[in-house]
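Close look at the chain arrangement
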Amino acid sequence: MHHDCSPPELLVILLQIAYKMKVDNKTDVYSFGVVTMEVIMGRHPGELISSLLSSSSSSSSTSLQVTTDHWLLNDVMDKRPSPPMDEVGELEVVVAVKIALACLCVNPQSRPTMQQIDRALSMQGPPLLKTFSMITLGELLGHRGETS
């Protein structure tokens, strides 16, 4: 564990350890998701994680859907490096964010394994069905719409 963990991230990890009394591969997968989103966003994804945690604890998934449906992928990406310039680069970003969001699932049993992550990163996905600048985090979480 990193000493600079945000409270929501630390809470999830601590709850998993307390529940199972061990750190396992699902905890590592969660950390992989945090680091991946930090690289994509250019900052710690604490606000995103807090939003995912608070909406998953509500009685309805509607609040998560409303929150993430309004966040464009393009808007949460780090603006310092140049954005992807071609469809291949855009698709790679979409796949990485989809995987990272799956890794941040509150329920550890719903997270992918590192083997599944490796397989998903190695495969070439179908072309994007939507303009990159219009893709929302909600779509990458599978709430609605088609991205690839």
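See above for the structure.
Residues numbered from 1 in each chain as written. Predicted model: local features only at pLDDT ≥ 70, side-chain atom pairs only at ≥ 80, totals over all residues. Heavy atoms only, no water.

**Side note on the side chain of Asp78**
Checked against the element boundaries, Asp78 lands in the loop between helix 5 (73-76) and helix 6 (87-103). Once residues lying within four places of it in the same chain are set aside, the contact partners of Asp78 are Ile40, Met41 and Gly42. (Helix = DSSP H or I, 4+ residues; strand = E, 2+ residues; numbered from the N terminus. Contact = heavy atoms within 4.5 Å.)

**Re the pattern of salt bridges**
The tally for this structure, following the rule as stated, stands at 2 salt bridges. Measuring nitrogen to oxygen at the nearest pair gives 2.4 Å for the salt bridge that ties Lys130 to Glu139. For Glu139, a relative accessible area of 5% translates into the label buried. (Salt bridge = Lys/Arg side-chain N within 4 Å of Asp/Glu carboxyl O. Buried < 20%, exposed > 50% of the residue type's maximum accessible area, 1.4 Å probe, protein only.)

**Some thoughts on the environment of Leu72**
For Leu72, the location among the structural elements is in the loop between helix 4 (62-69) and helix 5. Filtering out sequence-adjacent residues up to four positions away, Leu72 remains in contact with Ser133, Met134, Ile135 and Thr136.

**Here we look at the packing of helix 6 against helix 7 (residues 114-122)**
In a packed pair of helices, the relevant descriptors are the angle between the two axes and the axis-to-axis distance. For the pair helix 6 and helix 7, the least separation of the axes is 10 Å and the interaxial angle reads 165°. Here helix 6 lies roughly antiparallel to helix 7, going by the angle between them. For the pair helix 6 and helix 7, the crossing hand works out as right-handed. On helix 7, the residues that touch Val95, Ile99 and Cys103 of helix 6 are Ile117, Ala120 and Leu121. Of the residues belonging to the contact of helix 6 with helix 7, the class tally is 6 nonpolar, no polar and no charged. (Axes fitted to C-alpha atoms, helices over the stretch in contact; angles between N-to-C directions. Parallel < 35°, antiparallel > 145°, perpendicular 65-115°, else oblique. Left-handed = near helix turned anticlockwise from the far one by under 90°. Nonpolar A, V, L, I, M, F, W, Y, C, P; charged D, E, K, R; others polar.)

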